[in-house]
Structures are given as C-alpha cells and as structure tokens.
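Structural description and commentary
For reference, the chains in residue letters:
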Amino acid sequence: MLRVSAIAESVGVPTSSLCCEGFLGQAKTTSVGLGFPNLPVACVPGHVDVQSEQHLFDNVCNVTVDQVIQNLTGDIPVAVQAKDPAPDDIVFSGSFEAVNRLFIENGWSDGLPIVPPTKAKISEFLGFTDYDGDHVIGRLLPDNRLATVWNVAVNGVMAGCRPEYMPILVALAEAMADPQYGVEHSGNTPGAETLIVLDGPLIRELDFNYEQGALRDGFQANTSIGRFWRLYLRNVAGFLLHENDKGSFGNTWRVVLAENEASLKRMKWPSIAQDAGIRESDSAVTISRFTGGNVIVSVFGDSAEKCLPYLADALTTHTTWELIFTIGFAQGTYRPLLILSPLIAETIAASGLSKKDVQQWLFENARIPAWRFEQYMTGWTNLVPGKRSLNDFVRLGKAPKLYAGTDKDRLVPIVYEPEHIMIGVSGDPMRSNCYLFVHNGMLGFPTTKPVVLPRDWHARRRAQD
Amino acid sequence: MQDSQGMLWIVIPAGQQANGGWIDDTLRERAREQGLTAQAPLTGEFPRQRVEPVAGPDAEARARDLFTRRGWTDGLPVVAPTAARVKNMIRFSDRKATDVLGEVDPLRGLATIEKLAANAVMAGCRPEYFPVVLAAVEAVLDPAFNMNGVQTTDENVAPMIIVNGPIARELNINSSFGALGPGWQANATIGRALRLIMLNLGGGRPGTVSFAGIGQPGRYTLCIAENEEMSPWPPLHTEAGLAAETNAVTITRVESTINVTGGVEEIASVMGTAASAFQIMWSGRPTIIIAPATASRLAQQGMSKDDVRRWLFDNGQWPAVQWHKSWFKSQLVKEGNWPEWVERAALGGAIPATEKPEDIIIVVAGGDVPIAQQVYAPSWGFPPARITREISLPDGWPELIANEAN
C-alpha cells in the first residue's frame with residue numbers, strides 16, 4: 001500500500017495511506033526506504049478484520065477522514081537522513097563479551113552471540129571473492145540500504161560462516177536483491193521463512209549435510225549460512241521485529257537444504273537449480289519463502305503408482321489459504337516444494353517416471369473441489385475482496401480455462417502448471433519419509449542464482465590447509 | 001552501573017525521526033547557521049544506534065560531560081541513562097520499550113517509551129514517577145497543546161504539570177509549602193523530564209529552534225500537586241470528568257508564575273493588567289493557584305469554584321483605556337485584529353482577562369500561611385489549552401513500589 005503511495009507521490013500526486021492502528025510504526029519505518037521518509041499515513045483505529053461494518057464506519061468517520069484531509073492538504077515535514085558509519089570504520093574495541101553486548105543492545109544480532117566482525121576476519125572472507133568489497137550487489141528494501149560485498153562478508157563473519165562460504169553468501173545477496181524474489185515483503189504477517197536450496201559440487205566440497213537430518217542444525221555450512229540469511233535481512237534489508245517485521249508468529253531461520261546429487265544422478269533427474277537453467281557443473285542457490293509444511297511420514301509402496309497418491313494428498317491437504325497465490329491475490333505464483341527422500345524418489349523413478357512425469361501426475365491428481373478453493377479466498381478469509389468465484393476470474397482473464405465451470409464440486413488444480421510443483425531430493429536416504437513446503441507465492445518467489453567462484457578457488461582452498 | 005570491564009552502557013536519548021533521521025543533524029545545522037556552536041560543540045557527534053558504550057575510570061563523569069557537550073541537557077548535570085536504569089524505569093509503566101506515543105514537534109523525534117525513559121532517568125526521576133511523566137507526555141502530544149508553537153514561539157511559555165489523585169501523596173509530590181520549588185525530588189524531576197523530552201526529542205533548543213525571548217525558570221521544571229486535603233472544592237481533574245480517586249495529570253501553558261500576596265482582590269488586580277495581554281489576544285486559559293487559607297475563606301463565604309471564576313472574570317478586567325495606550329495594542333496588533341469578544345468588551349470600557357469565566361483554571365496549592373500567596377500564571381497562544389490525562393499504572397503497582405522502597 002505504501003509502495004503505491006510512493007509511486008503516486010513520485011509523480012506529484014498527494015497521497016494518504018490508510019493504515020490499521022497496529023501498523024503505524026511499520027508504516028513510518030517502511031516509508032523511509034521508499035525514498036519518502038514522511039509518506040502521510042491516516043490511522044484506522046484497531047484492526048478492520050474484527051470490526052462490524054458500523055464500528056468500522058464510525059472509526060473511519062471519527063478518526064480516519066480528518067487525517068486523510070490533513071494528509072492531502074497539510075504540510076509534510078522535511079526529512080533529514082542519518083549517516084551510517086563508513087563500512088571500514090572501527091566502531092568499537094573491547095572484549096568478546098563487550099562486543100556481543102554492543103551488538104545485542106543495538107539490535108544487530110539475532111540474540112545469539114556473534115563472531116566479532118574484525119577487519120582481519122572480513123578480509124579473509126573478501127579473499128574468497130573476485131569482487132571488491134565496495135562492489136554493489138543491489139539495493140534492499142525496506143531500509144533501501146546497499147547490499148555490498150563488504151556487508152555480505154561482515155554478516156557472514158557474524159553468523160559463524162567460514163571464509164570459503166563467501167561465494168555462496170554473495171549469490172544469496174544477489175538473490176535477495178532480485179526483484180523477482182520480493183524481499184520487501186519479508187515482514188508480512190504470515191511470517192513465512194526463506195528456505196535456501198543448494199545444488200552443485202559445493203555441497204560435497206564444503207561439507208554440507210544433504211542426508212539424514214537435512215533440515216536440522218548441526219552442520220556448520222548448513223547452519224551458519226541459514227543464520228547469515230536472517231542476519232542479512234536484519235542488518236542490511238532492515239527487518240526488525242516489533243518495527244517493520246510484522247510476522248504474527250514467524251519461525252527461526254531454516255538451515256540450508258542441500259540436495260542429494262548422487263541420487264539425482266542415479267535417476268537422471270535434474271536438480272532444482274537445473275530446473276532453473278543452471279548447468280550441472282555449477283553450484284547454485286535457490287531461495288523461496290515457505291509458510292510452513294509437514295513431514296509426510298512412512299510413504300508405503302514399491303511403485304510410483306502406490307507412492308504418489310499419498311504425496312498428492314499432502315499437497316491438497318496442506319495447501320490452504322496459500323491458494324490465493326494461484327488465483328485471487330496473485331496469478332500462478334504458488335510454488336509448493338516437495339522434498340522426496342532418495343528412497344522414495346528412486347522407487348518412483350524405478351517405475352520409469354521422470355521428474356516431469358511426477359509433476360504431471362501430481363498436477364492431474366492433486367486437485368480439490370472448487371468450493372473449497374473459493375472458501376479460502378472469500379469465505380473464511382477476506383484475502384481476496386470482491387467475493388469473486390473461480391469462474392469469474394476465468395471470465396476476467398485472470399485464471400486459466402481449467403478453472404472454468406459452475407459446478408462447485410468440480411475438481412481444480414492447486415497450481416497453474418505441472419512444473420509449478422517443485423521437487424527436490426534430500427533427507428535420510430534409508431527412510432521413506434518425505435517433506436512438503438507450502439509456499440508464500442509472489443511474496444518470496446523462487447529465485448535461483450549461480451555461485452561464482454573466484455579465479456584461484458582451488459589454490460585458495462589449498463592454502464587454507 | 002559499570003560492568004565488570006568498566007564499561008557503561010547508555011541509551012542514546014536523542015530524537016530519531018520516523019524516517020530514521022536524527023534531530024541532532026538539524027540542530028547542528030541550525031546552530032552553525034546562527035553561530036551558536038560553542039554552547040554544545042559536539043552536537044550530532046554520537047554513534048547512530050540505540051546503545052553506546054562509554055569506557056574509562058569514571059565512565060559516569062565522562063558520560064555526563066559528553067551529554068553536556070552534545071547538547072542533551074538543560075544545563076544541569078544529568079544522570080547517565082544506562083540500559084539497566086532505563087529498563088527499570090520502563091518496568092514501572094504498562095508499555096513496551098518500542099511503543100511510540102507520537103512525534104515531538106518541531107523536529108519530530110519519535111516519543112518511544114525507551115527514549116522517554118532515558119530522558120526521565122537523566123532528569124533524576126525515580127522509576128515510580130514514570131507513569132506521571134508518560135501521562136504528561138501524552139497530554140503535551142495532544143494537538144490542542146500545540147507543541148510546535150510552544151517550542152518555537154518567541155514567548156516564554158512553559159507547560160505546567162498539575163497532578164491530582166492519590167498518586168500525588170504516594171509519590172510525595174509537593175502540594176504544600178514551597179510546591180513550586182525547590183526541594184522535592186518528584187516536583188523537580190518530573191517537570192525536568194518533560195523539559196528534557198521537549199529538548200532532546202522535540203529539538204526545542206534555545207536560540208537554535210526555540211526563540212523564547214528571555215525564557216523562564218519554569219522551563220527547568222514546573223510541576224505541582226493540587227492540595228486536595230486542604231481544598232474545599234472538588235479537585236481539578238474532576239472538572240475533566242474523571243472520578244476524584246483517579247490519578248491524573250493536567251497540563252496548562254503558562255507564561256510565568258506571578259506571586260500575588262493577598263486575596264482574590266489582589267489576583268483580580270493583577271489579572272486586569274498587561275500581564276494578561278497576550279492571553280487576551282489568543283483567548284487563552286490562565287492558571288490561578290489559590291492558597292488553602294484563601295480557598296477555605298471563600299468557601300466559608302459560600303463561593304464555589306465557579307463563583308470564584310465568575311468573580312475574577314468580572315473584577316479582573318483590563319481597562320480599555322490602558323489597552324488602547326499599550327504598545328501591544330497601539331503598535332503591534334491594531335484594532336480589527338483582536339478577537340471579536342475583546343473589541344466588543346473594549347467598547348464597554350474594560351476587557352476581561354479571558355473570553356469566558358470557564359477559561360480560568362483554579363488549583364488549590366501552597367502551605368497554610370495566614371498572609372496567603374496566590375499565583376497568577378497568564379497563558380499563551382493558540383489554541384486555548386487545558387489538557388487532562390489519566391495516569392495509567394502497570395499491573396502489580398503496589399509490589400513495584402514496595403520493592404523499590406526496599
């Protein structure tokens with residue numbers, strides 16, 4: 001909403017953004033990064049979702065309208081931007097404990113101790129990239145701060161990464177800065193958390209866990225890079241709880257999920273990165289935001305035919321309000337991610353199915369009645385205002401013909417296209433459990449970036465021994 | 001307060017705007033333009049973060065010195081707002097550190113609970129005073145207070161904090177002998193906290209942003225409790241619709257506190273002079289502090305507070321002939337530019353000190369002395385203001401107070 005106001009203001013149209021009371025602080029901090037530090041905001045008392053029409057009407061008439069008039073006609077105060085210290089300024093000297101207190105008191109840490117980002121540590125990290133420290137990767141909302149190779153290194157040091165993770169960290173910052181991903185949505189209320197999927201030779205080379213316990217902390221590479229992601233969102237993009245990160249619950253950062261390349265190779269299935277056009281010889285990160293998901297326990301069956309129905313059921317059962325990212329709120333941006341254990345993947349592959357075949361089968365079979373889809377859009381939630389049916393969306397040209405029809409019981413797919421159901425292979429190779437991630441649509445869209453190694457990568461790695 | 005390594009962790013008390021900017025940048029520019037940098041040479045020179053570590057053998061003294069040179073004081077030494085002291089202050093409110101009460105004009109620093117607490121610590125407040133400070137801040141952030149005007153005007157106006165309810169006794173806020181000072185920690189520091197907030201969050205720095213011609217000692221602190229025990233009338237906050245047993249703060253705007261030894265006759269005599277000129281110009285609301293002895297004599301004569309107001313309204317009028325002769329009227333604000341009620345009254349020969357009798361704010365305070373002293377505090381500016389806010393206490397208040405006393 002503020003983003004639209006910023007666009008309007010940028011072409012000289014006065015705006016007044018309506019904002020529920022609990023979000024005023026967020027509005028004020030968010031507007032900074034939009035280049036309009038004082039975007040005028042009008043308060044709607046309380047939250048509209050729990051107000052009767054009369055109550056809402058009274059609130060708007062008694063409070064909001066006056067503020068809108070003031071916003072559109074009054075003076076807007078002049079803004080003075082603060083200066084940050086220069087990137088290589090030494091801002092503090094002290095013991096480990098004192099450094100950590102400084103970082104925690106000032107909101108620069110996630111609450112755990114950080115590794116003090118000394119110049120020496122930072123230069124070790126910079127030694128693992130061909131970029132200069134001041135190379136600009138992009139600009140990150142909401143704080144509109146520059147993502148630079150230097151501040152990637154700083155946050156990497158803090159997170160407990162090793163210097164040789166630097167190429168991966170840079171790729172992650174590039175992905176975060178890609179408009180396709182939509183980092184500016186990272187503070188929205190569903191509080192979805194990013195998952196980083198890693199593919200390519202670096203999985204083995206840098207000792208990532210890609211087998212049993214793939215989603216649990218315990219391996220330095222997976223854990224510290226996952227932590228880096230959150231620290232970077234905090235310290236560079238500028239997402240802070242109780243300010244502009246309004247995740248109602250949220251959850252802790254996820255560790256990096258590495259795929260089981262050997263299993264993929266045996267089945268001749270492409271990795272997630274290869275699906276996105278990355279060469280097999282390259283490593284790449286794929287980021288995407290997931291609201292939640294579930295483990296699919298004890299998939300039972302010795303063939304694709306026997307295993308797939310349970311997986312399709314997981315897709316339809318756990319995908320609920322997120323359907324608005326398929327139709328309603330956004331069009332065709334829902335990208336659920338199914339992680340198959342090598343055991344199940346290879347059982348399915350042994351039936352002669354390619355990854356595309358599996359996606360096609362799930363697309364055709366993971367379907368729900370139209371009434372249920374519509375219930376999530378306009379019944380139980382008000383996420384898609386206007387009370388339009390799926391059929392209306394087809395008629396408006398905002399949904400594929402597949403969704404047309406007036407029979408409320410007709411079965412409709414949960415995604416536009418078979419390949420929108422993403423599939424990866426990881427986890428305990430000796431257990432028949434799978435995992436489904438439910439996706440946050442356009443508000444954290446899958447974005448893949450290749451990891452670019454420095455020219456003398458191998459020499460530098462050897463020099464570490 | 002220093003940690004095991006001799007480090008003092010202080011919360012930066014300066015105003016940060018909603019856009020992330022710091023008001024000190026503007027203050028530095030204004031000071032530079034006006035050649036006033038000597039008074040606070042380190043204005044704007046501090047790390048732009050929440051908490052700053054200060055080291056050294058006497059970190060408290062160093063912090064005090066830094067604060068003075070950065071212009072974060074009223075000229076008196078301040079208590080270093082350490083993270084622990086600030087946190088303890090916030091425990092005595094029902095708010096979170098990040099809650100925002102509003103923006104303090106004119107430079108619009110955000111009044112976060114933490115920044116308010118830091119300034120209250122600096123002022124020397126005990127933590128149990130914090131709910132009173134917060135109620136006072138809520139009152140001055142009411143648009144009717146016109147913080148922008150109060151801070152930037154060339155008049156010498158200051159907010160007066162009047163506390164009512166049982167909390168005044170609980171916190172030992174003086175309402176009796178010497179209530180306007182000095183000597184009582186609550187009166188001294190609650191009013192001072194509000195001033196530091198206006199300086200450090202609003203940027204009302206004299207000469208650079210605040211252009212009060214001469215200022216007044218009431219700009220250091222101006223806080224009293226009403227002497228409810230000795231008042232024959234209903235307490236002040238009940239006039240705002242609150243029950244007598246609730247705790248409340250009333251904010252008025254005063255240009256000065258003029259001592260008037262005598263009775264209502266003498267008050268009326270002072271009211272009907274140029275002392276009321278600015279107030280008349282803006283239809284303002286003066287504060288009149290009536291001594292307990294005088295109040296009880298008036299009550300014995302059967303006069304209610306409204307009767308006293310009416311009497312003062314009728315008898316405290318500025319003769320029109322004086323008005324015509326005044327510099328204010330003859331040189332500055334000519335006929336036709338005064339409120340309609342003023343010019344109409346002038347035709348009748350005398351101008352009341354207020355537009356309506358209800359505009360006169362009456363508070364009973366002071367010691368029980370036979371030759372009583374009253375205070376006439378003429379008001380300033382637009383819009384006419386008198387703002388009452390209930391004081392909100394956190395859950396578990398009695399225990400908090402009891403533990404703090406130990």
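The model shown is predicted, which means the values in this text are computed figures rather than measured ones.

1. A short note on the overall build of chain B
Helix and strand counts for chain B stand at 16 helices and 14 strands. Compactness check: chain B gives a C-alpha radius of gyration of 22 Å against a globular reference of 22 Å for 406 residues, within 12% of the reference. Taking the principal axes of the C-alpha coordinates as reference, chain B spans close to 75 × 50 × 35 Å. Each of the 406 residues in chain B was classed as buried or not, and the buried ones make up 53%. For chain B, the proportion of contacts with a sequence separation of at least 24, taken over those separated by at least 6, is 83%.

2. So, the overall build of chain A
Helices and strands together make up the secondary structure of chain A, namely 17 helices and 13 strands. Against the 2.2 N^0.38 benchmark of 23 Å for 465 residues, chain A shows a C-alpha radius of gyration of 24 Å, consistent with a compact globule. Projected onto the principal axes, the alpha-carbon positions of chain A cover approximately 70 × 70 × 35 Å. Of all intrachain contacts in chain A linking residues separated by at least 6 positions in sequence, the fraction that spans at least 24 positions is 79%.

3. Details of the sheet that holds strand E7 (residues 248–254) of chain B
Residue and element names in this part refer to chain B. Spatially, four strands are ordered E6-E5-E7-E14 in an open sheet, and the strand pairing comes out mixed. Among the strands making up the open sheet, the edge pair consists of strand E6 (223–225) and strand E14 (387–390). Strand-to-strand twist across the sheet, computed as the mean angle between neighbouring axes with direction ignored, equals 25°. Across seven bridges, strand E5 (residues 158–164) lies against E7 in antiparallel orientation. Within the sheet, the bridge partner assigned to Ile161 lies in E7 and is Ile251.

4. Brief notes about the pairing of strand E13 (residues 373–377) of chain B
Residues and elements named next belong to chain B. With four of its five residues buried, E13 lies for the most part within the structure. Pairing between strand E8 (residues 258–261) and E13: four bridges, direction antiparallel. Bridge pairing in E13 links Val260 to Gln374. Two elements, strand E9 (residues 287–290) and E13, share three bridges in a ladder whose sense is antiparallel. Bridge pairing in E13 places Thr287 opposite Ala377.

5. Some details on the packing of helix H4 (residues 113–123) of chain B against helix H8 (residues 185–200) of chain B
Residues and elements named next belong to chain B. Where H4 contacts H8, the two axes come as close as 8 Å, and the packing angle between them is 130°. As summarised for this structure, H4 and H8 are arranged oblique, according to the angle between their axes. You can see that H4 and H8 cross each other, and the crossing is right-handed. Where H4 approaches H8, its residues Leu116, Asn119, Ala120, Met122 and Ala123 are matched on the opposing element by Thr189, Arg192, Ala193, Leu196, Ile197 and Asn200. Residues belonging to the contact of H4 with H8 are distributed by class as follows: seven nonpolar, three polar and one charged.

6. Re the domain arrangement of chain A
The assigned domain composition of chain A is domain 1 (2–73) and domain 2 (194–215 + 233–450). For domain 1 of chain A versus domain 2 of chain A, the separation of C-alpha centres amounts to 35 Å.

7. Digging into the sheet that holds E13(B)
Residues and elements named next belong to chain B. Strand order in this open sheet of four strands is E8-E13-E9-E12, and the pairing throughout is mixed. Where the open sheet ends on each side, the last strands, each with one partner, are E8 and strand E12 (361–364). Across the sheet, the mean angle from the axis of one strand to that of its neighbour is 20°, orientation sign disregarded. This element, helix H9 (residues 264–271), spans E8, E9 and E13 of the sheet and lies at about 140° to E8.

8. Here we look at helix H2 (residues 59–70) of chain B
Residue and element names in this part refer to chain B. Counted at 1.5 Å a residue, the expected span for H2 with its 12 residues is 16 Å, and the 16 Å between its end C-alpha atoms agrees. By the burial criterion, the buried members of H2 are Ala59, Ala63, Phe67 and Arg70. Buried residues along H2 cover an arc of 75° about the axis, so they all sit on one side. In this fold, the buried residues of H2 make contact with strand E1 (8–11) and strand E2 (51–54).

9. Observations regarding the packing of H9(B) against helix H12 (residues 305–315) of chain B
Residue and element names in this part refer to chain B. H12 packs onto H9 with a crossing angle of 45° between their chain directions and a minimal axis gap of 8 Å. As judged from the angle between their axes, H9 and H12 are oblique. In this structure, H9 crosses over H12, and the sense of that crossing is right-handed. Between H9, through Val264, Ile267, Ala268 and Met271, and H12, the contact on the second element is made entirely by Val308, Trp311, Leu312 and Asn315. Partitioning the contact of H9 with H12 into residue classes produces seven nonpolar, one polar and no charged.

10. As for the domain arrangement of chain B
Residue and element names in this part refer to chain B. According to the domain assignment, chain B contains domain 1 (1–255 + 381–406) and domain 2 (257–379). If you average the C-alpha positions of domain 1 and of domain 2, the two centres end up 30 Å apart. Each partner contributes to the interface: domain 1 provides 26 residues, whereas domain 2 provides 24 residues. Contributing elements (two or more residues each) for the side of domain 1 that touches domain 2: E5 and E7. With three residues, the top contributor of residues to the side of domain 1 that touches domain 2 is E7. Of the residues in the side of domain 1 that touches domain 2, the class split is 14 nonpolar, seven polar and five charged.

11. Describing the environment of B:Pro131
Residues and elements named next belong to chain B. Among the structural elements, Pro131 can be located in helix H5 (residues 130–140). Considering only alpha carbons, one finds Pro131 and Gly71, 60 residues apart in sequence, at a separation of 26 Å. Those residues in contact with Pro131 that lie beyond four places of it in its chain are Phe92, Ser93, Ile391, Ser392 and Leu393.

12. Regarding the pairing of strand E1 (residues 17–20) of chain A
A regular strand carries its side chains on alternate faces of the sheet. All names here are of chain A. Side-chain alternation along E1 places Ser17 and Cys19 on a buried face and Leu18 and Cys20 on a face that remains uncovered. Summarising the sheet, E1 and strand E2 (residues 41–44) pair through four bridges and their orientation is parallel. The partner of Cys19 across the bridge, within E2, is Cys43.

13. Comments concerning helix H14 (residues 355–365) of chain A
In an α-helix, one turn spans 3.6 residues; hence positions three or four apart end up facing the same way. Every buried residue belonging to H14(A) is among A:Lys355, A:Val358, A:Gln359, A:Trp361, A:Leu362 and A:Phe363, and all of these are buried. Where H14(A) is buried, its residues meet helix H12 (304–318), helix H13 (342–350), strand E10 (411–413) and strand E11 (422–425) of chain A.

14. Things to note about the environment of B:Phe177
Residue and element names in this part refer to chain B. Mapped onto the elements, Phe177 comes out in the loop between helix H7 (167–170) and H8. The exposed category is assigned to Phe177, around which 10 C-beta atoms lie within 10 Å. Here the alpha-carbon distance between Phe177 and Gly367, two residues 190 residues apart in the chain, equals 4.0 Å.

15. Quick look at unusual backbone geometry
In the segment running from A:Leu141 into A:Pro142, the intervening peptide bond is cis, with an omega of 5°. Along the polypeptide, A:Pro142 turns up in the loop between strand E3 (136–140) and strand E4 (145–148). The residue after B:Asp105, namely B:Pro106, is reached through a cis peptide bond having omega 5°. With respect to the helices, strands and loops of the structure, B:Pro106 is situated in the loop between strand E3 (100–104) and strand E4 (109–112). The backbone of A:Lys387 sits at a positive phi, close to 55°, despite the residue not being glycine. With respect to the secondary-structure elements, A:Lys387 resides in the loop between helix H15 (370–379) and helix H16 (390–395).

16. Brief notes about the confidence of the model for chain B
Here chain B shows a mean pLDDT of 95. Residues at 70 or above account for 100%. Listed scores for the predicted complex are pTM 0.83 and ipTM 0.77.

17. Description of the environment of A:Pro163
Residues and elements named next belong to chain A. Within the secondary structure, Pro163 is located in the loop between helix H6 (149–159) and helix H7 (166–177). Distance from Pro163 to Leu102, taken between C-alpha atoms, is 24 Å for residues 61 residues apart in sequence. Those residues in contact with Pro163 that lie beyond four places of it in its chain are Glu124, Phe125, Gly127 and Phe128.

Reading the values: the criteria
- Residues numbered from 1 in each chain as written.
- Chains lettered and ligands numbered in written order.
- Predicted model: local features only at pLDDT ≥ 70, side-chain atom pairs only at ≥ 80, totals over all residues.
- Helix = DSSP H or I, 4+ residues; strand = E, 2+ residues; numbered from the N terminus.
- Rg over C-alpha atoms; globule rule 2.2 N^0.38 Å.
- Buried ≥ 20, exposed ≤ 12 C-beta atoms within 10 Å, placed from the backbone.
- Contact = placed C-beta atoms within 7 Å.
- Pairing = 2+ DSSP bridges.
- Axes fitted to C-alpha atoms, helices over the stretch in contact; angles between N-to-C directions.
- Parallel < 35°, antiparallel > 145°, perpendicular 65-115°, else oblique.
- Left-handed = near helix turned anticlockwise from the far one by under 90°.
- Nonpolar A, V, L, I, M, F, W, Y, C, P; charged D, E, K, R; others polar.
- Domains from an automatic or database assignment.
- Expected span 1.5 Å × (residues − 1).
- Arc of directions from axis to C-beta.
- pLDDT = per-residue confidence, 0-100.

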